[in-house]
Amino acid sequence: MRGTKKYSHVIDTPDPGKWELAGYESTLPITEKSNPITRELDRADPGQIVQLLRDCDAEIFQEEDQALVNYQRLYSEMVLKTMMDIIGKVQEVLKEPENTLIVLSGGGASGRMAFLMAVSFNKLLKGLGQPPQYTYLIAGGDRCLVASQEGHEDSALLGIEDLNKVCEGKKKVIFFGISCGLSAPYVAGQLDFCMNNLDIYTPVLVGFNPVSMARSEKIEGFHSSFRQVAERMEKLQETHQAFVLNPAVGPEGVAGSSRMKGGSATKILLETLLLAAHKTVSKDGEVSEKCLLEILRTYERAHKVTYSQSKKIAALVKQAGTSLQKKAYVYLVGWHTLGIIAIMDGAECVPTFGADLNDVRGFLIGDRSEMFNREADLVAQGPKFAFSEEDFVKSILPSLTEQDTVLFLFTMDDNLAEVEKLAIQVKERTSNIHALSHATVGQYLPASLKKLIPSIISITWPILFLEYEGNFIQRFQRELSTKWILNTVSTGAHVLKGKILRNYMVDLRVSNAKLFERAVAILQRFTGDTRAKCREALLQVVYHPEQLSQELRAAPVSKHVARATDQVQVVPTALLCLLRHCAVPEARARLDAAPSLRAALDAALSAPGRKRGPDQPQPEEQRT
Ligand code: F6P
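Cut-offs used in this document
- Residues numbered from 1 in each chain as written.
- Predicted model: local features only at pLDDT ≥ 70, side-chain atom pairs only at ≥ 80, totals over all residues.
- Heavy atoms only, no water.
- Helix = DSSP H or I, 4+ residues; strand = E, 2+ residues; numbered from the N terminus.
- Expected span 1.5 Å × (residues − 1).
- Buried < 20%, exposed > 50% of the residue type's maximum accessible area, 1.4 Å probe, protein only.
- UniProt positions renumbered as here; feature names shortened; annotations may be inferred.
- Phe/Tyr/Trp six-rings, centres within 6.5 Å; stacked < 30°, edge-to-face > 60°.
- Lys NZ or Arg CZ within 6 Å of the ring centre and 35° of its normal.

Let us look at helix α2 (residues 77–95). Along its 19 residues, α2 runs 27 Å from first to last C-alpha, staying within 8% of the 27 Å computed at 1.5 Å per residue. Taken as a whole, α2 has its buried residues at Val79, Leu80, Thr82, Met83, Asp85, Ile86, Ile87, Val90, Gln91, Val93 and Leu94.

Cross-referencing UniProt, the feature "domain: SIS" (unreviewed entry) maps to residues 90–286 and 320–499 in the present numbering. Taken as a whole, residues 320–499 contains 41% helix and 19% strand, while its terminal C-alpha atoms sit 14 Å from one another.

Attention shifts here to the packing of aromatic side chains. Applying the stated criterion to the full structure yields 17 aromatic pairs. Chaining the aromatic ring pairs together yields one cluster made of Phe121, Tyr134, Tyr468, Phe472 and Phe476. Of note, Arg143 hangs over the ring of Phe385, and the distance from its end group to the ring centre comes to 4.4 Å. Positioned over the ring face of Phe526 is Arg525, at 5.0 Å from the centre of the ring.

Right, let's talk about unusual backbone geometry for a bit. The amide bond that connects His544 to the next residue, Pro545, takes the cis arrangement and shows omega of 5 degrees. Secondary-structure assignment places Pro545 in the loop between α17 (531–543) and α18 (550–553). The phi dihedral of Glu25 falls on the positive side, at around 40 degrees, and the residue is not glycine. Along the chain, Glu25 turns up in the segment before α1 (46–58). You can call Glu25 buried: its relative accessible area is 15%. The backbone phi angle of His581 is positive, close to 50 degrees, even though this residue is not glycine. Structurally, the position occupied by His581 is in the loop between α20 (570–580) and α21 (584–593). Its relative accessible area of 66% is what places His581 among the exposed residues.

Structural data, given as structure tokens:
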């Protein structure tokens, strides 16, 4: 621990990581770098997995280190100042509910987080007797809230179209464009549109890379790259017409998995900012740094409280891992907003781990009226979009087996009789039922429920005596705590299933341009081969058995993505082709024959004749 910390931290924030050094994986933005903490994640046991991911999450709260490269961090002066400037703008809109709107938008996990926060703050307003002032946008629309469809985030024009629709007739709009990697074209298009219409829009870019690391490739079908859009935003920040909120929170525990720290940090940043705006708007006072720090510290506290349950979380990781290893399923059943967190967690496993739809799947129990923009796009739309209590009871319950893991997520303020009723139904099919429950000091689980679900992680939070808005902090803490636990359980379970190599999502779905680039980078990382060679190997797998023509090689990335999206094990197959110098059918056969994906890849990496170990740094010139 350094002695220069500005604040007394609630958790022991770690010392700066090696990733902050100038030369560390210098061609990659922070959000794509591999985290030195989790270098051996694939060999960790459940207890170690929890510890490693806990330490990665703690980096969110780490302060900047003057002695190093000097990335802005959550507690940096500039970040707090930007937050206060944005709060001023939000307050203007809150004071004038007529014809104004606060839009939160993103692709994939960022869009789902936008949805969650819009739901929360509209609820806060409702409690004050005020009309909703928040809305959300997710690339691909409401269906993508519950099912992963990554391709939509590649369209800048779709982003603009969606934004235009929800803002029709509005006189003032605060737009929060969330892209953890400063990369999603959907968000870039929207920010650009806002900057062209500053009389109405105040755009805010939220992400976790410096602008100099924003994605630099020109966006297909659009005039700029994300970086150019972000640079224009930075320029406009000088006159307070646009804002960039982008503290570094360190690389993800699984490289590039921005649903984890990126999603959590988005929640922490934006809820802090919006809550502070709501708390102070009626008092006509400027928000103070102290107010922001107080809220931020409650999230730090949530980290400490959550991971004090590490042993029990590890047991759950083991259980979920066993289910996946046996080709059974992990169902996450959450009440109210904890159900949204459950859905988010499950949906992201598909692109991240190449998981099947049901491998990890979330369900939302409870009232969902006024939540969605277009509920009709979701309800009764078939098994792919199943997410509700009815769906769980009708299509999951009857087929549950002893091998499946069911995890209930609720607070002691939820209807416990309802929880009990559903638990009884689950127990008729499987004894493998677990729970995460949140209580406030003085609340106790009924004995009947404890008997039904003996394996419960029960987290007790201190009583907070706060005014109306302040009480939402408790709700936010519980959500984040649930998110941390679910991220750890689903990631850990996939690690145990052998879906991770070192700390790389080596079986990701190649379902959008960013994931295509990540796939190429992963191949380079493990082979040391040139980018051109790795790209070629990837395309060979994607188009197999077709021969690659020059025309095909030169086709836009969107064409490759369209072809690859529904294919499985594309990256592992390409990696084996490169490592073993073999053809696609042989690589596939080797994958099929191996006990796990990691086992197949590990064997190839340590095969005689391979000189370069995967952990040796690659010379810079080989990366291009
Ligand atoms: O498309 C895949 C993905 O990486 C998701 O996993 C992620 O949630 C989404 O893109 C959005 O990423 P970002 O917030 O960096 O735009």
